[in-house]
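Architecture at a glance
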Amino acid sequence: MGTTDRVAPRRRTRTGPAALLVALVVASAACAPTSGGPPGGGTTPTVPLPPAATGAGVRQVRVDEVRPAFEGRSFGDVGRYERVRGTITGWVDPADPRNASITDLSRAPRNRLGFVEYEVDFVLLRPADPSKGNHRLIYEPSNRGNVVSLFFLNSAPPSNDLDQFVDAGNGFLMREGYSVLSVAWDPTVPDAKDQLQARYPVATNPDGSSIVGPALEEITYDDTTASHPLAYAAASLDTSRATLTVRTQYDDPPTVVPPSDWAYDDTGTAVHLLPEGTPFDQSALYELSYPAEDPLVVGLSFAVIRDVADFVRSSGADQLGNPNPLAGNARQVTTFCYSQPCRLMHDFVRLGFNETASGGRAVDGIESIVGGASGGFFNYRFAQPGRSMRQHIGRWYPERQFPFANQVTTDAVTGRTDGVHRRCALTDTCPKVFEINSETEYWNKAASLLTTDTRGDDLDLGATPNVRYYLLSSLPHAPSTGIGACREDQNPLLPDPVARALLVALDQWVANGTEPPANRVPRRRDGTLVPALPQSGVGFPVIPGVVYTGRTTTGDLFDFGSQFSAGVPTLPPAITPAAYPVFVPRTDADGNDVAGIRLPEISVPTATYSGWNVRAPGFAADDMCNATGQRIPFAATKADRRASGDPRLSIEERYPTHVGYVVKVALAAGKLQADRLLLAEDVRRYVIEALVSRTGT
């Protein structure tokens, strides 16, 4: 995940029309509200006593460390923050119908009272003086063991440490008085410094022996790696009992690698080619089907999220009498997620886990960024939560299958009727949700299935009044810089400004019922959601040297075998390619998306930005370059543009004066603020960055 310089340099700026406009924009922006209400004050409300010591749910909260966060710096009226680190132990009842969908829960070892146990790490940021906070919690299922909420909401550098002042970024969440709780859930996260770990039991046969079953390992590296760790240990070191294949591009037929040409390591936990030290072919796709043993009960993740959210909101202490570190200060719980944990939250809601033991909601709202129309390889035997399906990779795992949409629909291919929010609607436990996706999700994760039916027609988005849908126009899934394995420079644009504004809107929606910004996604009926081919239909310009293949992740139908409904997939699956139509956003003449939330970089552009990029020669050329998108700068002058044959207007032609450029940026940012899609502080930042730029000079 790339980062960019987030702090505009201080420099003298000339006075004139642009500066006057800045003053007007900044003055009006300063009057705009942010949070859903003033920080809560007064006394802490009474909270319930701990439940009976023999009950399921959060059993114990062990606090290992409480220390000042961010070097003890203060944030406005809220003041200083504390960082709390520790672990949470929970008990899950296999007999509870709410847990019935957890794969292999009945095969997990139980304690003497019949419960299945788990332990997860957490890190909590909270106001040192709770009365000065807003009593609202940002509840974050960690992303591959990492805290990412501050990266996106505070524009902070990536960090799990949170000790240094720089780790607070712009301090947005702290100034607003939020508490932030990041909790581990993925038991496959590597054990590394500061990463949040989850510890779940291994499922066994009724007699206690190891479960052995089929597992699938995709192996692909954009370098010269020579050994690959397995998600699960092999049940046998005999390579003739496994099948290893290789292909260059996803559409190529696989070639079998002879059993004599590869081997397991001595422990059966890694594989390598022979002779030892031989690297895997760069960017090639190897698939290893092998007998694995000892599957983790990864579906416990749903119970963790539900029970921890319920506990921090409603309990004064754990079952052993240890105090809840957020007692009385999590009156409203909003989940923030980015990518992998958003797909987890799709499955969490689909399986009904937002219903607590008392029948209430575990979380009130979900700000879901770049989750696509997918679930994940979470609640299955031999699950691999880290897998992510894109055009070039991860196409054989159970991530994306019907239902794709939140509302109830009928699958025109299989005849099934279902919806992601069907179950929570029956119990009135659906959260309010913002489905926010970048352009990458349309190209690489078939995100159009979130808003179209299985025939390819627009869905009525009003059928899910608790959900709003937004496209981050021309943004990538994973902002980055440089070329990497791609043909073009990668797209560095971050979603931070929109993430902040939409968090405020979601907060107000949950707290006060204030209607959020209207849906902003491409639609079939107005021609802004189109097939990826032909290029002319998309509108993407023919730019000299830029390769356009039109390859996308197709809407495939997967057959994972007869035991799939019980959480035991047959891997690899049988695939019916392109059973469901998928679409991508139409672009303007510059190649930037027409529909969606167009940040000033897109509405007042200096380059073409997209959520797709093409892999370079030597890296499985012309397959999609996964998640980072591309940036293709405009020519500086009309002469340069004509010399290269570039159809896009040059910077010189677009912005004859610096003042004109600054005015356009200010107007674009101000319009987004009026639509509640930018906050005042980000309007000011955009205008200042335009002022100090040399665009138009």
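This text follows the structure it describes.
Since this is a predicted model, take the numbers as computed values, not measurements.

The next thing to look at is the state of the cysteines. In the structure shown here, the tally under the stated rule is 3 disulfides. The side chain of C486 participates in a disulfide bridge whose partner is C625; the two sulfur atoms lie 2.1 Å from each other. What sets the handedness of the C486 and C625 disulfide is the S-S torsion sign, and at about -85 degrees it is left-handed. Here the residue C486 occupies a position in the loop between β20 (467-472) and α8 (496-512), and C625 occupies one in the loop between β25 (607-610) and β26 (630-633), the gap between them amounting to 139 residues. Regarding the disulfides, the protein chain carries the connectivity 1-2, 3-4, 5-6 under sequence-order numbering of its bonded cysteines.

Below, the discussion takes up the environment of V116. Its place among the elements puts V116 in strand β4 (residues 116-127). Sequence separation of V116 and P617 is 501 residues, and the distance between their C-alpha atoms is 50 Å. If we ignore the near neighbours within four places in the chain, the residues touching V116 are G90, W91, V92, P94, L105, A108, P109, R110, P201 and L300.

Contact geometry of helix α13 (residues 658-674) with helix α14 (residues 680-692) gives a least axis separation of 9 Å together with a crossing angle of 170 degrees. Judged by the angle between their axes, α13 and α14 are roughly antiparallel. Contacts from H658, Y661, V662, V665, A666, A669 and Q673 in α13 reach A680, V683, Y686, V687, A690 and L691 in α14. Looking at the contact of α13 with α14, its residues break down into 11 nonpolar, 2 polar and no charged.

Attention shifts here to unusual backbone geometry. Glycine aside, a negative phi is what most residues show, and trans is what most peptide bonds show. Each neighbour pair has its own omega, and for L274 with P275 the value is 0 degrees, a cis peptide bond. Checked against the element boundaries, P275 lands in the loop between β13 (270-273) and β14 (285-293). Positive phi outside glycine occurs at L162, with the angle close to 65 degrees. Note on L162: relative accessible area 2%, which makes it buried. If you check the backbone angles, V370 has positive phi at about 55 degrees while not being a glycine. One can find V370 in the loop between β16 (365-369) and β17 (409-410). Take V370: its relative accessible area is 1%, and that puts it in the buried class.

The rules behind these values
- Residues numbered from 1 in each chain as written.
- Predicted model: local features only at pLDDT ≥ 70, side-chain atom pairs only at ≥ 80, totals over all residues.
- Heavy atoms only, no water.
- Disulfide = S-S within 2.5 Å.
- Helix = DSSP H or I, 4+ residues; strand = E, 2+ residues; numbered from the N terminus.
- Contact = heavy atoms within 4.5 Å.
- Axes fitted to C-alpha atoms, helices over the stretch in contact; angles between N-to-C directions.
- Parallel < 35°, antiparallel > 145°, perpendicular 65-115°, else oblique.
- Nonpolar A, V, L, I, M, F, W, Y, C, P; charged D, E, K, R; others polar.
- Buried < 20%, exposed > 50% of the residue type's maximum accessible area, 1.4 Å probe, protein only.

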